[in-house]
Each structure stands twice: as C-alpha cells, then as structure tokens.
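What follows is each chain in one-letter form.
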Amino acid sequence: METSGEAFPKRFRLRKRREYLQAQRVGRRLTSPHFIVYARPNGSRRPRLGITVSRKVGKAHVRNRLKRLVREVFRRARQEFPSGMDFVVVAKSEIAPPDLLQTRDELLGLVRRFDAARPAPRRDNR
RNA sequence: CGAGUAGGUCAGGUGGUCGCCGGCGUCCAAAAGACGCGGGAGGAAAGUCCGAGCUCCGCAGGGCGUGGUGCUGGUUAACGGCCAGUCGGGGUGACCCGAAGGAAAGUGCCACAGAAAGCAAACCGCCAGCGCGCUCGAAAGGGCGCGUCGGUAAGGGUGAAAGGGUGCGGUAAGAGCGCACCGGGGGGCGGGUGACCGUCCUCGUCAAGGUAAACCCCACCUGGAGCAAGACCGUUUCGGGGCGCUGCAAAAGCAGCCCAGGUGCCCACCUGGUCGCCUCGGGUCAGGUCGCUGAAGGUCCGUGGCAACACGGAAAGUAGAUGAAUGACCAUCCCCCACGUUCGGGUGACCGGCGUGGGAGACAGAACUCGGCUUACGACCUGCUCGGAGA
RNA sequence: CGGGGCGUAGCGCAGCCUGGUAGCGCACAUGCUUCGGGAGCAUGUUGUCGGAGGUUCAAAUCCUCUCGCCCCGA
C-alpha cells in the first residue's frame, strides 16, 4: 500500500502535540539559516513530517506560505527522507522568508546529514 | 493637460502537470484503500470597537445601581450604523468635518501671573470737592505737589479668560448715560411632523465668564457569560449516598466484597485482568460525535419612497478544517523598463506596431453565523470643481 | 478562536481615578573619607510618559484610533 509518487496524506504527518514534544525532546537537532529540524525514529516504515511556525515569524498568510513551502519540499522529495523517522521543522524568525529553492536546499542538506549519521544514537538513560 | 473632490467596479485571466480538505456515488463482508463526479478564502476573512441571532446560568413584578447613547425626522431584528434634513465650522470651489441636550437645579475646579478669577471689586491711572504747602497775579482767580474723601471703568498692566463689540454724541472725568449698526434676551404671527427658518414688535436692569471627553441633571437603552457556549457518548480515577451479601460484635458500629490462573476442594498468599449492584458529583484522555453551516444573506426584475429601506416575484445556490485544507511548478496573455527594427504615420522632436532581454502584480488567509464601524492596500472607470492652453 | 492586563529615566516601579510641579529605589557622575579599593556621607545628571488625532487656557492623566508585549479559558 505504499503510495507511489508525490502524495502527502495524513498518515505522513504528525497530528498530536505529544508527538511534537517527543521529537523535540529526544530527537537529534540540526539547524540551517531559516529552519531547525528535529528527527527521531518513529517505529514505522515511513517518514513523517510536522511543521511549527510560531507567530513571531509573521502574520497568518506568511506562516501559511512557509508551511506550504516545507510541505512541498517533503512531498516532492520524499525518497530523500529516511523512512521510519519523524521530522519536526521549526521555522526561525528571519527577516527575509525563503523561496522554494532555498527551502529545498536547506532542508535536503539537513536531511542528508541525518542520513549520514544513522542510526541515530539513542540518548535515553540519565 | 495639471491639481482636487465624490462615487462605483475588480481583486490577474487561460491551459497543462503534481498535490491538499471535506461531500456524494461505485468496487469491497467491513475497515483500509482505489476510481469517478462535482465543491473549496476576503473586501477587508484583520483589529475585536459596537449591535444581533444562538447556547448555558440568573430572574414574579418593579425600583436602585452600573455602563452606554445624546441636534431633528426616518430606517432596521438591533445598533454608537445608515439615509434625509437643521445648525455651526473649514475650503475660491466641487465638497468636507462636527460626542451638536442642559452652566438662570446644585457641587467642584480655573495653576502661575494679576488689585481682582466669580458674592464683584479697584493696583497704577483719570476727574471733582475739602485741607495744607509752594508759586503766579494788584485782585478775582489760576498752576504744581502732598493728604483726605468721593466719582469713574476710557487707558495701562496680568492672564487662556476681567461684566457685549465698533463708532458718534455726551461728560468734571467717564459709563448703554443717549443714539446708529452688529450681537444678545423676551413675545406675537407665518412656514415646517420636527430640529429650525422667515418676519414684526419689544427689552439698555443686556442679571453678568469658562469647564459637563469634571461630578452631575434630563431623555432613552441596559442581567451575566460566551461555540474553548453548550448537548450526548465513551475512557479512567476519586469522593458522597443507597441496596445486597460475608466476617467480627450483645448492639451501635467497623472491615470487606468481582473474574481467571498457580492448585482436585477450602483458607491464606502470589500473578494477571474491565475490582459486587444502583445512583449523584468532580477530575483524566486538550478522547469522540453533534453544535457546524441553513443566511434578518447575495444577484436580477417590478412596485412604493428624495434616500436608507420595505414589499412582491424569479432563477441560482451554499468552504467547513481542528498541528488546522484551498497550494506548487511550467507555458501564455495583460502592465512597466531597456535595446533593436529593410515596418506604418509625421518636415521634425516623436508616436504606434513588431522582436529580444529584464522586472513588477498590492493589502492580506475562513475557525459558530450575520449587520455595521475602524484600520491596511493595488489598479481601473464615471460625475463634478478649480487653474492653464487650444479651437 | 474568545476574554483580560501592561507600555513613564539604563533597570524595576509610583504618579493617571480627582488635569497645571513628572517622583522613588538601584545604577551613573563629581566631591569628602581611605595609603588605595569597597562600604558610608554629600551633591548632581538622566525622560518623544509606545505612536497619531481630539476635548481643554493647559493632557503622562480625559476621549478615539493605532503599534508592541504579557496572561487566562477545553
């Protein structure tokens, strides 16, 4: 039932606050000029995406546009994202919002670094 | 052509590819999923400044209080909105702006300055009388200074503001003291539903400041919260009440209560699980479903009305998400700029066409719904006004 | 989405209701004290009162609009 191509239905997204908090607490973190990305294994066979854009980034239509850009990158290049991982993309409040190409380059750059570092180190205990 | 003013319209279009949200249908036992059909942001969706619907709580009725509104008449489900008018102010004008009731119901305040800031008074002045001194004069009398007692509100000075304004007359000096004009008060008549307007008469005792976006008075409106309202269902936990059973106990009362397995039976113990039954209440899982999209709605036509709007009819038709959809890319058309042009018009500057390259398309994203207000913002169209030029 | 609060000196706050002078603490500067520093004492500096408009003679204060920040509600 692996949806081929570039679809992006709900099961590829994070839907619960708890999932976001878990990813941000125990996941690995990498940053680029416009984004912070958290990643952690989710125990399934597909990658999932969650996006956080706070009100500091801009007004509603600016935030909507940013989320659409990030979704578009994920949708177009889902093969580049390692499966079995949850990703949470947090937008930083930069003065100039990025365009699609910039978003794509930054996010895929970060994802390749995750990929190179796999398997992600379990940092539990304490 | 330039400057301005009022009103209106649109909110980039078309095609293709890849996606998203929810609806209906088909396949499928069902779920998941697949396929098909049709739908999917705004004029401000924004700020949340008003008003309603709707929901829960409160409530016999009325009053007080609180808050709001404040020229008049209309309009509406309602409004602080809108329409039409009145008055005042601004602008050469088109036109625009106005929280625009009451200060002779009461209270408060008016800093500094100033004599005095609200019961009217009088600092410097001005003027008359009286007294004293000096002086001029033959005398009558005059001049100057000081004092005193009066008359004044012209002038000076202070202030945001000092008891109508300007002018002439008048006077010892002055003053609505008299007069003219302007302003103001009262009354009559006429017009208007009314705010108010017009006109005539009369008042100089014209009895007197401002502030009500100070308290207040008057008139009218006004219960509180909000769809995260609220309703239903589940999940799990805590507590109260009742019932039943068991044990202890004389009783009051206290404690416990289910199922399965270890283990053939009983007690105890251990492990696991939804831990007697009924009922009430609070919390947990930002649990699920409903509320949730049908318009006091928009368009067109007709009738009434200056208009806001009302009434009647017709056709079309409805975004409903919940870490939250309505998007991305490509091509092309529209707009601007630059360059080129064996193209067209023109004497010419230049204008138009075509081609190439580049750039721009504002403000901004539904979250229960609707009527307004306010704020943000791109382009175009129309009427009108003022100025300039030409015929 | 809905409801509420706050913007005053470099920092934390008062003053606003009841309009005329913006004040307190810390900090800062200068002097005294000390061999020097700290502490102490004395003196002093510092303000678009978030922004725009209005009412008033006069606005941080009253009214309207606007910007920013914070808190609460299942």
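Starting afresh in each chain, residues are numbered from 1 along the sequence in its written order. Both sets of labels track the order of writing: A upward for chains, 1 upward for ligands. Only residues with pLDDT of at least 70 get local features here, since the model is predicted, and only at 80 or more are side-chain atom pairs given and counted; chain-wide, interface and lining totals rely on the full set of residues. Side-chain metrics rest on all non-hydrogen atoms present in the structure, leaving aside hydrogens and water.

Glancing now at the side chain of E106. The way it works is that DSSP assigns letters per residue, a run of H or I at least four long becomes a helix, a run of E at least two long becomes a strand, and they are numbered from the N terminus. Mapped onto the elements, E106 comes out in helix 3 (residues 100-117). Among buried Asp, Glu, Lys and Arg side chains, E106 stands out as unpaired, with K92 the closest opposite charge at 7.6 Å. Under the rule applied, a polar contact is a pair of N or O atoms within 3.5 Å (in protein, one hydrogen donor and one hydrogen acceptor; residues adjacent in sequence only if both atoms are side-chain atoms). Among the polar contacts made by the side chain of E106, one reaches the side chain of H34 at a distance of 2.8 Å. Every residue pair with non-hydrogen atoms within 4.5 Å of one another is taken to be in contact. Residues within four places of E106 in sequence aside, it is in contact with S32, P33, H34 and F35. For each residue, the accessible area found with a 1.4 Å probe, counting protein chains only, is set against the maximum for its type, and the residue is called buried under 20%, exposed over 50%, and partly exposed in between. Working convention for charge: Lys and Arg count positive, Asp and Glu count negative, and His plus the chain ends are omitted. Take a side-chain nitrogen of Lys or Arg and a carboxyl oxygen of Asp or Glu: if they are within 4 Å of each other, that pair is a salt bridge.

Residue-level pLDDT values for chain A average 77, and 83% of them are 70 or greater. Scored from 0 to 100, pLDDT reflects the predictor's confidence in each residue. This stretch, residues 118-126, has a pLDDT under 50; its non-local contacts, to residues over four places away or in other chains, come to seven contacts. As scored by the predictor, the complex reaches a pTM of 0.75 and an ipTM of 0.76.

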